[in-house]
Amino acid sequence: MISLAGRDILHSWGKFVLTGFGLGLLIGVTLTMAGVYRGMVDDAKVLLTNSGADLWVVQKDTQGPYAESSSIKDDVYRQILGLSGVAQAANVTYLTMQVRNASRGGREERTMVVGFEPGQPGEPGYLMAGRRLVRSHYEAIADIGTGARLGDRLTIRRHEYEVVGLTRRMVSSGGDPMVFIPLKDAQEAQFLKDNDAVIADRARTAANPALNRPSVPGLLEAINASQSSNRNVNAVLVRVADGIAAESVARDIRRWKHLEAFTRAQMEDILIAKLIATAAKQIGMFLAILVIVSAAIVAFIIYTMTLGKIREIAVLKLIGTRNRTIASMILQQAMGLGLIGFVVGKIAATVWAPAFPKFVLLEPADAISGFMIVMVVCALASTLAIRAALKVDPAEAIGG
Amino acid sequence: MTATTDTGIHIAGLSKRYGAGDTAVDALKDVNMSVTPGEVIGLVGPSGSGKTTLLKCLGAVIEPTRGQMTLGGEVIYDQGWKIPDLRTLRRDRIGFVFQAPYLIPFLDVTDNVALLPMLAGRPNGESRARALELLQALDVAHRARAQVSELSGGEQQRVSIARALANQPPVILADEPTAPLDSERALAVMRILNQMARQYQTAIIVVTHDEKIIPTFKRIYHIRDGRTVEEAGEGREIE
């Protein structure tokens, strides 16, 4: 038996391909939306992997340093290093800000500025070009997503930093590319005020009789000095010794140091289940709407195409074609349309995904799920047309 | 009256009533008709006389109210359908030719004809061979691989006749097959129908009010207000 659906598709392939192309673009958008979500999850995981830590020690009662702000003193890491099972501990700061690239016409880029100590957790794991930081100040390693090149000069607050190394896939949980600078510079950048504000603060302190006591020489200067320096960091990254469970070290830190400590699994949960949860729901809602729209389009197209063949269907029924054969023909056409749409959508998503500003991760598993959903949606969408076809009276073929 | 039991199609006392009560309409009233294999008869009548209703009853697409129908020696209707699967009956034992060819536009000429044997479960090769044989007989074999849209009106009608003959049915019902054609082409179609009836021993009933072809019938059934009257036709030879 010949394939009626196949012959019909071949006969009007132009119409099918064009319709499938339109549907494919919609499917491409759907796959991309799923890729955007996967990209967000992957960004979060990459952020954690790249930090090279087993534990994140942050301010008590916070879920920092990525989901909430956290501030702890920069000498805490020494206490943590003294705990049993800790191999390495290092301070880090994170600050999302606009960084100006003086070498690129002052172009501004939203970045996450990371302060780290060379050779310690928090340092970028690999470089694509250039070298690691060897000077204590004013050198930076930038993710290529910032658009910076080796030798570029980045302005962070009041200082300029020379880009000496380039790395990639170093992004914040929000997808912002990272710029790595020395910890001391980063601490200063977080709290450094402009000159006018410093002068105003000093005047305010000097005007306060409680702080400016003529009978205590040097007090005012000491207060001013403490106000213009910063001894805080956002987190301490901890690497535990081989064979030691991170959770047991985290328990000790919570119990004895009155700080919050998160393991990798807990940090993933914070980033994925909490930080990007709203965005995920938003995307999920959008995906649901796209699926409904796709189903409506397929149903409408197949229904219209079937109505255009009512006389042929009546003839087919009159000459003895089974209802099952006619239903199968319509179902196969809907599935064929879905197949064309899926192929176009997959290609489209693959082509345009790299052009997105944030990472879009197109997982093969998502493509397989998407394909199955498209087929199910097309099958369901064809029921309307099948119902209309089965209601056609073969007697319609006879008479005027 | 009872239907005869030889081959061909025979109907006796066939009636069809639409609706019920005060609004009931008797479309057919005790219709009798008999067509033997190899014979082409005309069913002639004005619009609304019951021609199409009779054709639908004969084609097993609507159920008569009462009467008897015999097809190829088998009683298929006697106060109710005697054949459980009317779809198979239509597929295997009744051929249809319509006013417009109504060929399936997405199948080529051969497959339009071969579709019926295929639907009956015959192998594709055998079905296509049968189709080619019929297309040869109808002088359209040279268009065997053509698409329907590439054929002329006359060629399309010949292909539709080939399709009607594909499963070698004992009867073909032709619903105004010459209506859209000019005199020359209409007579050509009638010549083909007569030739096919003789060649394949098929009984052919041609519903028409086309004055051009009425003289070609040897027997004519006039239908008016649901009743049929048989009369001899001129049986004029078609050149």
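No experiment lies behind these values; they were computed from the predicted model shown.

Calculation criteria
- Residues numbered from 1 in each chain as written.
- Chains lettered and ligands numbered in written order.
- Predicted model: local features only at pLDDT ≥ 70, side-chain atom pairs only at ≥ 80, totals over all residues.
- Heavy atoms only, no water.
- Helix = DSSP H or I, 4+ residues; strand = E, 2+ residues; numbered from the N terminus.
- Buried < 20%, exposed > 50% of the residue type's maximum accessible area, 1.4 Å probe, protein only.
- Contact = heavy atoms within 4.5 Å.
- Areas by Shrake-Rupley, 256 points an atom, 1.4 Å probe, with all protein chains shown as cover.
- Lys, Arg positive; Asp, Glu negative; His and termini not counted.
- Charge placed at Lys NZ, Arg CZ, Asp CG, Glu CD.
- Pairing = 2+ DSSP bridges.
- Salt bridge = Lys/Arg side-chain N within 4 Å of Asp/Glu carboxyl O.
- Domains from an automatic or database assignment.
- Buried area = accessible area lost by both parts, 1.4 Å probe.
- Polar contact = N/O pair within 3.5 Å; in protein donor to acceptor, adjacent residues only side chain to side chain.
- Nonpolar A, V, L, I, M, F, W, Y, C, P; charged D, E, K, R; others polar.
- 1 Å grid on protein atoms, 1.4 Å probe; cavity = no way out; pocket = protein on both sides within 12 Å on 5 of 7 lines; lining within 4 Å.
- Points joined across faces, edges and corners; volume = space filled by probe spheres on them.
- Expected span 1.5 Å × (residues − 1).
- Bend = angle between axes of the 7 residues up to and from the residue.
- Core = buried A, V, L, I, M, F, W, Y, C linked by side-chain atoms within 4.5 Å.
- pLDDT = per-residue confidence, 0-100.
- Phe/Tyr/Trp six-rings, centres within 6.5 Å; stacked < 30°, edge-to-face > 60°.
- Lys NZ or Arg CZ within 6 Å of the ring centre and 35° of its normal.

Secondary structure summary: chain B contains 6 helices and 10 strands in total. The C-alpha extent of chain B, read off along each of the three principal axes, is 55 × 40 × 35 Å. Among the 239 residues that make up chain B, the fraction classed as buried is 57%. Sequence separation of 24 or more characterises 67% of the internal contacts of chain B that already satisfy a separation of 6 or more. Carbon and sulfur atoms make up 47% of the accessible area of chain B, which totals about 9,800 Å². Within chain B, the 29 negative side-chain charges are centred at a point lying 3 Å from the centre of the 27 positive side-chain charges.

Another point: the pairing of strand β8 (residues 159–167) of chain A. Residues and elements named next belong to chain A. Two elements, strand β5 (residues 129–130) and β8, share 2 bridges in a ladder whose sense is antiparallel. Considered in β8, the bridge of G130 is made with G165. What sits between the antiparallel neighbours strand β7 (residues 153–156) and β8 is a turn of 2 residues, in which R157 has the positive phi angle 55 degrees.

Quick look at the pattern of salt bridges now. All chains considered together, the criterion is met by 28 salt bridges over all chains. The residue E155 of chain B makes a salt bridge to R143 of chain B at a minimum N-O spacing of 3.2 Å. Note that E155 of chain B is positioned in helix α5 (residues 153–165) and R143 of chain B in the loop between α4 (124–137) and α5, a separation of 12 residues in sequence. Given the relative accessible area of 21%, R143 of chain B is considered partly exposed. Counted as one network, the salt bridges with shared partners bring together R7 of chain A together with D111 and R128 of chain B.

All names here are of chain B. Along the polypeptide, E176 turns up in the loop between β7 (171–175) and α6 (183–200). Buried and unpaired, E176 has no salt bridge, with K51 as the nearest side chain of opposite charge at 4.7 Å. Aside from chain neighbours lying at most four places away, what touches E176 is K51, Q99, V207, T208 and H209.

The parts lose accessible area when they come together, and the size of an interface is often stated as this lost area. Residues and elements named next belong to chain A. In terms of domain boundaries, chain A breaks down into domain 1 (4–44 + 277–397) and domain 2 (60–192 + 230–258). Relative placement of domain 1 and domain 2: their C-alpha centres are 47 Å apart. In this assembly, 4 residues from domain 1 lie in contact with 5 residues from domain 2. For the pair domain 1 and domain 2, the two sides together bury roughly 420 Å², of which 41% comes from carbon and sulfur. Taken together, domain 1 and domain 2 are joined by 2 salt bridges. R169 is the salt-bridge partner of D42, the closest N and O atoms lying 2.5 Å from each other.

What follows covers the interface of chain B and chain A. The interface is formed by 25 residues belonging to chain B together with 23 residues belonging to chain A. Surface buried jointly by chain B and chain A totals about 2,400 Å² across both partners, of which 69% is contributed by carbon and sulfur atoms. Contact with chain A buries surface across chain B, with R87, Y102 and F106 of chain B losing the most and accounting together for 28% of the total. Where chain B touches chain A, the interface holds 1 salt bridge. Residues D111 of chain B and R7 of chain A are paired through a salt bridge, measuring 2.5 Å at the closest nitrogen-oxygen approach. Taken together, the connections running from chain B to chain A amount to 6 residue pairs in polar contact (both at pLDDT 80 or more). Only α1 (51–58), α2 (86–93), α3 (109–119) and α4 of chain B provide two or more residues apiece to the side of chain B that touches chain A. It is α3 of chain B that provides the largest number of residues to the side of chain B that touches chain A, a total of 5 residues. Across the side of chain B that touches chain A, the residue classes tally to 14 nonpolar, 3 polar and 8 charged.

Quick look at the layout of surface pockets now. Residue and element names in this part refer to chain A. Quantified by volume, the largest pocket comes out at close to 470 Å³. If you trace the largest pocket, you find 20 residues lining it, with G145, V171, P357, K358 and F359 closest to the centre. When we break the lining of the largest pocket down by domain, the ones giving at least three residues each are domain 1 (4–44 + 277–397) and domain 2 (60–192 + 230–258).

We now examine helix α12 (residues 364–390) of chain A. With 27 residues, α12 of chain A ought to run about 39 Å at 1.5 Å a step, and its terminal C-alpha atoms sit 38 Å apart, in line with that. Most pronounced at T383 of chain A, the bend in α12 of chain A amounts to some 30 degrees.

Moving on, we come to α3 of chain B. Three or four residues apart is the spacing at which side chains of an α-helix point the same way, because the helix has 3.6 residues per turn. Counted residue by residue, α3 of chain B has 11 buried out of 11 residues, so it is predominantly covered. If you check which residues of α3 of chain B are buried, you get V109, T110, D111, N112, V113, A114, L115, L116, P117, M118 and L119 of chain B. For α3 of chain B, the elements touching its buried residues are α1 (4–11) and α10 (310–318) of chain A together with α2, α4 and α5 of chain B. Where α3 of chain B begins, one side-chain oxygen reaches toward the backbone nitrogen of T110 of chain B, 3.3 Å away; that side chain belongs to D108 of chain B.

On to the nonpolar core. Membership of the largest hydrophobic core comes to 119 residues, with the highest contact counts inside it found for L14, M33, L54, I161, I205 and V206 of chain B. Apart from the residues within four sequence positions on either side, M33 of chain B is in contact with I9, H10, I11, I41, L43, L54, I205 and Y221 of chain B. Counting residues in hydrophobic clusters, the runner-up holds 32 residues, among them V58, V92, M112 and V114 of chain A.

This part takes up the environment of Q332 of chain A. Residue and element names in this part refer to chain A. Structurally, the position occupied by Q332 is in helix α11 (residues 323–352). C-alpha separation for the pair Q332 and A379, spaced 47 residues apart in sequence, amounts to 8.4 Å. The contact partners of Q332, leaving out residues within four places of it in the chain, are S3 and A5. Polar contacts involving the side chain of Q332 include one to the side chain of S328, which spans 2.7 Å.

What follows concerns the confidence of the model for chain B. Residues with a pLDDT of 70 or more make up 97% of chain B, whose mean pLDDT is 89. Segment residues 1–5 of chain B is flagged for pLDDT under 50; beyond a separation of four residues in sequence, or across chains, it makes 13 contacts in the model.

This next bit is on the packing of aromatic side chains. In the structure shown here, the tally under the stated rule is 7 aromatic pairs over all chains. Relative to W81 of chain B, the ring of Y77 of chain B lies with its centre 5.2 Å away and its plane at 75 degrees, an arrangement referred to as edge-to-face. W81 of chain B matches Y77 of chain B in its accessibility class, with the two residues each being buried. In this structure an aromatic cluster arises from ring pairing among F96, F98 and Y102 of chain B. If you follow R169 of chain A out to its NZ or CZ, it ends over the ring of F359 of chain A, 3.8 Å from the centre. Lying over the aromatic face of W256 of chain A, R255 of chain A brings its terminal NZ or CZ to 4.2 Å of the ring centre.

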